[in-house]
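Chain and residue survey
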Amino acid sequence: AQTVTQSQPEMSVQEAETVTLSCTYDTSESNYYLFWYKQPPSRQMILVIRQEAYKQQNATENRFSVNFQKAAKSFSLKISDSQLGDTAMYFCAFTTMEYGNKLVFGAGTILRVKS
Amino acid sequence: DTEVTQTPKHLVMGMTNKKSLKCEQHMGHRAMYWYKQKAKKPPELMFVYSYEKLSINESVPSRFSPECPNSSLLNLHLHALQPEDSALYLCASSQPRGVVDTEAFFGQGTRLTVV
């Protein structure tokens, strides 16, 4: 079975500080893509960062970076210099070549950035 | 243009009404999706169209009827819905499997209320 687990239902962080959201997944496939999506109160699902499983180098996008541990099936998101606009629900997700066009989502983590 | 446009943004309908949700993208994507999302939950996949053909139907009740008139448009026809069908309906598009850029781009959703 293909599953994604986000063990932190809610997190808070002070503005300008760093926070890490955790995600683990389970798949028997060797080739897959991992994603972090952000859904602010405006409700649009926005892609934050993606990682191809065959790439060992961790992806980074400005203040957002991942720690991808393939053997441990772990894919955490680090947000540096947190901003009020980062307040949102964050979903970890993945898709595999053999799983068709399905995105498998985790339950989500609500992140609140406080001033 | 990296936009997926959904109309309407809000919809209130009675249980005997027939209505349609519309989704449009001009990114040349050949896979399009309908998701249903309840509050504070991850999106649940309903349907996938790949090259304008229905490729995945996640056992969705027949009161939801998808349609893909062309590669840019996706509709969801609604008939005889129940109050528990009230949710945010998200449309997404991506390249089909087998292509490198597999991330999905989401629309802002239609907030549906069934009364």
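The written sequence of each chain sets the order in which its residues are numbered from 1. Key to labels: chains lettered from A, ligands numbered from 1, both in the order written. Where totals are concerned, whole chains, interfaces and linings use all residues; where local detail is concerned, this predicted model gives features only for residues with pLDDT of at least 70, and gives and counts side-chain atom pairs only at 80 or more. Hydrogens and water are ignored here; the side-chain numbers use all heavy atoms of the structure.

**Focus on the pairing of strand S5 (residues 44-50) of chain B**
Residues and elements named next belong to chain B. Summary of the burial criterion: residues with accessible area below 20% of their type's maximum are buried, those above 50% are exposed, and those between are partly exposed, where the area comes from a 1.4 Å probe applied to protein chains only. Runs of E in the DSSP output that reach at least two residues are strands. Runs of H or I that reach at least four are helices, and both are numbered from the N terminus. Burial analysis of S5 places 6 of its 7 residues in the buried class, the great majority of the element. A pair of strands counts as paired when DSSP detects no fewer than two bridges linking them. The turn joining strand S4 (residues 31-37) and S5, which pair antiparallel and follow one another in sequence, is formed by 6 residues; a positive phi near 60° is taken by Lys-40. Where S5 and strand S6 (residues 53-57) come together, 4 bridges link them in antiparallel fashion. Its bridge partner lying in S6, Val-48 is registered against Ile-56. From the end of S5 to the start of S6, which pair antiparallel, there are 2 residues, and Tyr-51 there has a positive phi angle of about 50°.

**Section: the state of the cysteines**
Joining two cysteines, a disulfide is a covalent bond between their sulfur atoms. Residues and elements named next belong to chain A. Here, the term disulfide refers to a pair of cysteine sulfur atoms separated by no more than 2.5 Å. Under the counting rule described, the total for this entry stands at 2 disulfides over all chains. Between the sulfur of Cys-23 and that of Cys-92 lies a disulfide, 2.0 Å long from S to S. Taking the torsion about the S-S bond as the criterion, the Cys-23 to Cys-92 disulfide, at about -65°, is left-handed. Taken as a pair, Cys-23 in the loop between strand S3 (19-21) and strand S4 (24-26) and Cys-92 in strand S10 (residues 88-96) lie far apart in primary sequence, 69 residues in all.

**Comments concerning the nonpolar core**
Tyr-25, Trp-36, Phe-75, Leu-77, Tyr-90 and Leu-111 of chain A are the most contacted members of the largest nonpolar core, which totals 27 residues. If you tally residues by element for this core, the top one is S10 of chain A, at 4 residues. If we skip the residues at most four places from it in the chain, Tyr-90 of chain A touches Gln-6, Leu-21, Trp-36, Tyr-37, Lys-38, Val-48, Phe-64, Leu-77, Ile-79, Gly-108, Thr-109 and Leu-111 of chain A. What makes a nonpolar core is a set of buried Ala, Val, Leu, Ile, Met, Phe, Trp, Tyr and Cys residues whose side-chain atoms join them at distances within 4.5 Å. If you look at the next biggest cluster of nonpolar residues, it comprises 23 residues, including Trp-34, Leu-76, Leu-81 and Val-114 of chain B. Contacts are assigned to residue pairs with any non-hydrogen atoms lying within 4.5 Å of each other.

**Topic: the pattern of salt bridges**
Basic side-chain nitrogens of Lys or Arg form a salt bridge, by our definition, when they fall within 4 Å of a carboxyl oxygen of Asp or Glu. This structure, assessed with the given rule, holds 8 salt bridges over all chains. Between Arg-50 of chain A and Glu-103 of chain B there is a salt bridge, and its shortest N-O distance comes to 2.3 Å. Of this pair, Arg-50 of chain A sits in strand S6 (residues 46-52) while Glu-103 of chain B sits in the loop between strand S9 (87-94) and strand S10 (105-106), each in a different chain. In terms of burial, Arg-50 of chain A and Glu-103 of chain B fall into one category: buried. The partner of Glu-52 of chain A in a salt bridge is Lys-55 of chain A, and the shortest N-O contact between them spans 4.0 Å. You can call Glu-52 of chain A buried: its relative accessible area is 8%.

**A short note on the interface of chain B and chain A**
Contact with chain B, which involves 33 residues of that partner, is made by 22 residues of chain A. Defined here as a combined quantity, buried area equals the accessible surface (1.4 Å probe) lost by two parts on assembly, summed across both. Interface area for chain B against chain A, summed over the two sides, is near 2100 Å², with a carbon-plus-sulfur share of 53%. Joining chain B to chain A, the criterion identifies 1 salt bridge. Contacts described as polar in this section are N or O atom pairs within 3.5 Å, which, within protein, must combine one atom able to donate a hydrogen with one able to accept it, while residues neighboring in sequence count only if both atoms come from side chains. Our enumeration of links across chain B and chain A arrives at 7 residue pairs in polar contact (both at pLDDT 80 or more). Sorting the residues of the side of chain B that touches chain A by element identifies S4, S5, S9 and strand S11 (110-114) of chain B as the ones contributing at least two each.

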